[in-house]
Amino acid sequence: MRKWIAFFLIGICVSTQTEFHQLLKLPVLVQHFMEHREKDPSTSLLAFLKEHYSAFDEQDADYDRDMQLPFKTHDCVNAAVVFYNPAPSFDIISIPSFEAIASFPITRETSLPTTTTGNIWQPPRV
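Since we're looking at a predicted model, the values are computed, not measured.

Definitions and limits used
- Residues numbered from 1 in each chain as written.
- Predicted model: local features only at pLDDT ≥ 70, side-chain atom pairs only at ≥ 80, totals over all residues.
- Heavy atoms only, no water.
- Patch = residues over 30% accessible without salt bridge, like charges linked within 9 Å, V, L, I, M, F, W, Y side chains within 5 Å.
- Areas by Shrake-Rupley, 256 points an atom, 1.4 Å probe, with all protein chains shown as cover.
- Salt bridge = Lys/Arg side-chain N within 4 Å of Asp/Glu carboxyl O.
- Helix = DSSP H or I, 4+ residues; strand = E, 2+ residues; numbered from the N terminus.
- Buried < 20%, exposed > 50% of the residue type's maximum accessible area, 1.4 Å probe, protein only.
- Expected span 1.5 Å × (residues − 1).
- Arc of directions from axis to C-beta.
- Contact = heavy atoms within 4.5 Å.

(A) Summary view of a nonpolar patch on the surface. There is a patch of nonpolar side chains on the surface, built from Ile 10, Val 14, Phe 20, Leu 23, Leu 26, Leu 45, Leu 49, Tyr 53 and Phe 71 and spanning about 770 Å² of accessible area. At the level of elements, α1 (2-17) and α3 (45-53) are the ones that each hand at least two residues to the nonpolar patch. With three residues, the single largest contributor to the nonpolar patch is α3. Mapped onto the elements, Phe 71 comes out in the loop between α4 (63-66) and α5 (114-117). With a relative accessible area of 45%, Phe 71 lands in the partly exposed category.

Below, the structure is given as structure tokens:
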């Protein structure tokens, strides 16, 4: 059940946020092609598509019907605002290196002397 709900919600998002809903107009394309075939039986599908989807689409007698075809108008207008902030340029300079001159005493003892910490763990003396 969750799978079908997910498909349904994805379908709603895709059909409302993209031009995917134009595919629902495909029956209009078939009907309009049949109308052109009735007027001129020698009209091929390629010639029909070239006539209606070429860059030089002219306004003829059935212009209103032509605008009902899929992908002739854009119904979905999404505005995406993108801010571009170029990264600042940095010049690479050489930094002089310094050596540490401090000396630290190294002892071989791994623990603190028991005289300093041993008194904490003794019971109180009366």
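We are not done yet, so read on.
(B) Spotlight on helix α2 (residues 26-39). Its 14 residues give α2 an end-to-end C-alpha distance of 20 Å, which sits within 8% of 20 Å, the value for a rise of 1.5 Å per residue. Within α2, burial applies to Leu 29, His 32, Phe 33 and His 36. The arc that holds the buried residues of α2, viewed along the axis, is 105 degrees, so those residues lie on one side. Opposite the packed face of α2, turned more than 90 degrees from it, sit the exposed residues Pro 27 and Glu 38. Those residues of α2 hidden inside the fold are in contact with α3 and α4.

Scope: geometric values only; no functional claims are made or implied.
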